[in-house]
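Residues per chain are reported as follows:
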Amino acid sequence: MNLITKVPKGTKDIIGAESDKTVWLEALLRDTVRPFGYGEVRTPVFEHTELFERGVGDTTDVVTKEMYTFEDKGGRSITLRPEGTAGAVRAFLESGAYAGTLPVRMYYFANCYRYEKPQAGRWREFEQFGVEMFGSKEPYADAEVISIPYRIFEKLGLLESITLNINSIGCPECRQHYQKALYEYFSSHKDKLCETCLTRLDKNPMRIIDCKSPVCSEIAKGAPIMLDYLCDECREHFEKVKKLLTEMGISFEVDPTIVRGLDYYTKTVFEFVSNGIGAQGTVCGGGRYDGLCTQLGGVDMPALGFGMGIGRLLMVLGDYDFGIDNAPAVYIGSIGDEAKAKAMVICDALRASGVSAQCDIMARSVKAQMKYADKVGAKYSVILGEQECADNRAKIKNMSDKTEREISLSNFVNEFKEIYNG
Ligand code: ATP
Ligand code: MG
């Protein structure tokens, strides 16, 4: 196999129609979050390894198995970001934004890197769209953040195939009691747990619930659930979130088995799961992470957010009609040097005024030029020859109904716009 002509395992080129769809989707996502008051944050693709070890958690799958970590030439341990939140939180703390007006709302598009077994919907490089909101511990913030992906999926007509599942995993205080109950439960199944879960048992038994091994997940089905251990404050918070969602017309299901794969979550956690794309059905996951800012050495700041896999969302969209039209509005064919130059000048003016226009740059025959215009789906076509240049007029043809009319070459842009826009 020739390695130079193959992308690395688990990565892919986004090209042609897929790239058009991605750009379209990114625009829709930006347009959705701007009215909420979100501003974009762009953070480096790599960070100090410690940021993820501390942020994401050193008993998680992501940190123990999936990170792209290397030493740079200066001897620092560097990791390609496996997710977007840790970097966004670091940027929030480093910028001092916490001292300004709260809440702070940030969104990002981030290519993420995880050394995973590639399969449908699971790549080693993938794009995440995410938002983070800092400053509010109130359930209103939870409901607002959850409403964002919900409204996105609604806009895309996906609410029939995507379910919102929510849960609460409490705060460090009530979770302590829960972890103890889990420890007791899983200890009684110690002989059957996988090796990774045995280490999790002592460090963080809640992680066992997220284990993908069939034996462990079967055992996990009988485990105690966090909802039974919530303290009064966490319970009340969860009740309010559910009530607000209901009032906003956002349907959800409570799934007590959601613990999420990253350690930083507290209280509300949620997932949007598609029933149409198989095992990798989680299109969006998120929750509250009130302890993360202090965990990273910063101020005490409640926060929450979500991450959404763009690639998975495209899979869910399947043959959705994106209505993307790359065809030129007009093709200006030409015969002879003078006409070719004229065609270029007119195209230049058309494009400058926002009209997509192409002309011959291949020195093709007129017949071949028209074949090309047809292939690329030009809406109108014109052919310039000696006569047209002398008259300063030409015939413009509507490529779908084949009707023709005259157009002036000196006032082409304006006349074309009138014809084109009807
Ligand atoms: P999963 O359970 O599918 O492994 P996760 O819990 O690891 O997902 P998060 O860390 O919450 O996922 O990331 C948020 C979103 O990013 C996921 O819901 C998914 O849409 C997407 N995502 C995560 N890992 C991958 C991957 N390897 N390839 C493509 N998309 C991914
Ligand atoms: Mg994962």
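Everything here concerns the structure above.
Residues numbered from 1 in each chain as written. Chains lettered and ligands numbered in written order. Predicted model: local features only at pLDDT ≥ 70, side-chain atom pairs only at ≥ 80, totals over all residues. Heavy atoms only, no water.

**Q** Talk me through the nonpolar core; I want residue IDs and the actual numbers.
**A** By size, the foremost hydrophobic cluster in this structure holds 96 residues, and its most contacted members are F129, F134, F153, F186 and M308. Examining the composition of this core, we find that eight residues originate from one element, helix 5 (residues 139-155), more than from any other. Those residues within four positions of M308 in sequence are excluded, and the remaining contacts are L29, E127, Q128, F129, P149, I152, F153, V283, C284 and L313. Listed in part, the 23 residues of the second largest apolar core include I332, I346, I396 and V413. (Core = buried A, V, L, I, M, F, W, Y, C linked by side-chain atoms within 4.5 Å. Buried < 20%, exposed > 50% of the residue type's maximum accessible area, 1.4 Å probe, protein only. Helix = DSSP H or I, 4+ residues; strand = E, 2+ residues; numbered from the N terminus. Contact = heavy atoms within 4.5 Å.)

**Q** I'd like a description of the packing of helix 5 against helix 9 (residues 232-247), backed by residues and values.
**A** Remark: helix 5 packs on helix 9, axes separated minimally by 9 Å, with the N-to-C direction vectors making an angle of 45°. Comparing the axis directions of helix 5 and helix 9 gives the class oblique. Relative to helix 9, the crossing made by helix 5 is right-handed. Touching P139, Y140, D142, A143 and I146 of helix 5 are H237, K240, V241, L244 and L245, all from helix 9. Split by residue class, the contact of helix 5 with helix 9 holds seven nonpolar, one polar and two charged. (Axes fitted to C-alpha atoms, helices over the stretch in contact; angles between N-to-C directions. Parallel < 35°, antiparallel > 145°, perpendicular 65-115°, else oblique. Left-handed = near helix turned anticlockwise from the far one by under 90°. Nonpolar A, V, L, I, M, F, W, Y, C, P; charged D, E, K, R; others polar.)

**Q** Help me get a handle on the site of ligand 1, residues and values and all.
**A** Around ligand 1 lies a shell of 17 residues, among which R114, E116, R122, R260 and R312 are the nearest. A distance of 2.6 Å separates a nitrogen atom of ligand 1 from a polar side-chain atom of E116. Between an oxygen atom of ligand 1 and a main-chain N or O atom of G309, the distance comes to 3.2 Å. Within the complex, the protein chains bury 91% of what would otherwise be the 580 Å² of accessible surface of ligand 1. Those elements giving two or more residues to the shell around ligand 1 turn out to be strand 6 (125-134), strand 10 (282-288) and strand 11 (303-309). The element best represented in the shell around ligand 1 is strand 10, accounting for four residues. (Near = heavy atom within 4 Å. Polar contact = N/O pair within 3.5 Å; in protein donor to acceptor, adjacent residues only side chain to side chain. Areas by Shrake-Rupley, 256 points an atom, 1.4 Å probe, with all protein chains shown as cover.)

**Q** Quick one: what's the story with the packing of helix 1 (residues 17-33) against helix 11 (residues 310-317), residue by residue and with numbers?
**A** Helix 11 packs onto helix 1 with a crossing angle of 105° between their chain directions and a minimal axis gap of 11 Å. Viewed along their axes, helix 1 and helix 11 adopt a mutual orientation that is roughly perpendicular. In this structure, helix 1 contributes E18, K21, T22, L25 and L29 to the contact, and helix 11 contributes I310, L313, L314 and L317. Here the contact of helix 1 with helix 11 is composed, by residue class, of six nonpolar, one polar and two charged.

**Q** Quick rundown of unusual backbone geometry? Include the residues and the values.
**A** Along the chain, L102 connects to P103 via a cis peptide bond; the corresponding omega equals 0°. Structurally, P103 can be placed in the loop between helix 4 (85-95) and strand 5 (104-113). Although it is not a glycine, A363 sits at a positive phi angle of roughly 55°. Mapped onto the fold, A363 is located in the loop between strand 13 (357-359) and helix 13 (366-375). For K402, which is not a glycine, the phi torsion comes out positive at approximately 65°.

**Q** So what's going on with the packing of aromatic side chains? Which residues, and what values?
**A** For any pair of aromatic rings, the description rests on two quantities: the centre-to-centre distance and the angle between the ring planes. Scanning all chains against the criterion turns up 22 aromatic pairs. Plain terms: the ring middles of Y320 and F322 are 5.0 Å apart, the flat faces sit at 80° to each other, and that makes the pair edge-to-face. Grouped by ring-pair contacts, the aromatic residues Y107, F109, F129 and F306 constitute a single cluster. For R124, the ring lying beneath its charged end belongs to Y115, and the centroid distance is 3.9 Å. (Phe/Tyr/Trp six-rings, centres within 6.5 Å; stacked < 30°, edge-to-face > 60°. Lys NZ or Arg CZ within 6 Å of the ring centre and 35° of its normal.)

**Q** Describe the sheet that holds strand 6, listing the residues and the values that go with them.
**A** Read across the sheet, eight strands follow the order 1-5-6-11-10-9-7-8 without closing on themselves; strand pairing throughout is mixed. Every interior strand has two partners, whereas the edge strands, strand 1 (39-40) and strand 8 (253-254), have only one. When strand 5 meets strand 6, the two strands line up antiparallel, connected through 10 bridges. Bridge pairing in strand 6 places A110 opposite Q128. (Pairing = 2+ DSSP bridges.)

**Q** Could you give me a rundown of the sheet that holds strand 4 (residues 77-80), with the residues and numbers involved?
**A** The sheet built from three strands is open, its strands ordered 2-4-3 with antiparallel pairing. Each of the sheet's edge strands pairs with one partner strand only, and the pair in question is strand 2 (46-48) and strand 3 (68-71). Between one strand axis and the next, the sheet turns by 35° as a mean value, whatever way the strands run. Two strands pair when backbone bridges link them, and strand 3 and strand 4 are joined in this way by four bridges, in the antiparallel orientation. The residue of strand 4 that forms the bridge with E71 is S77.

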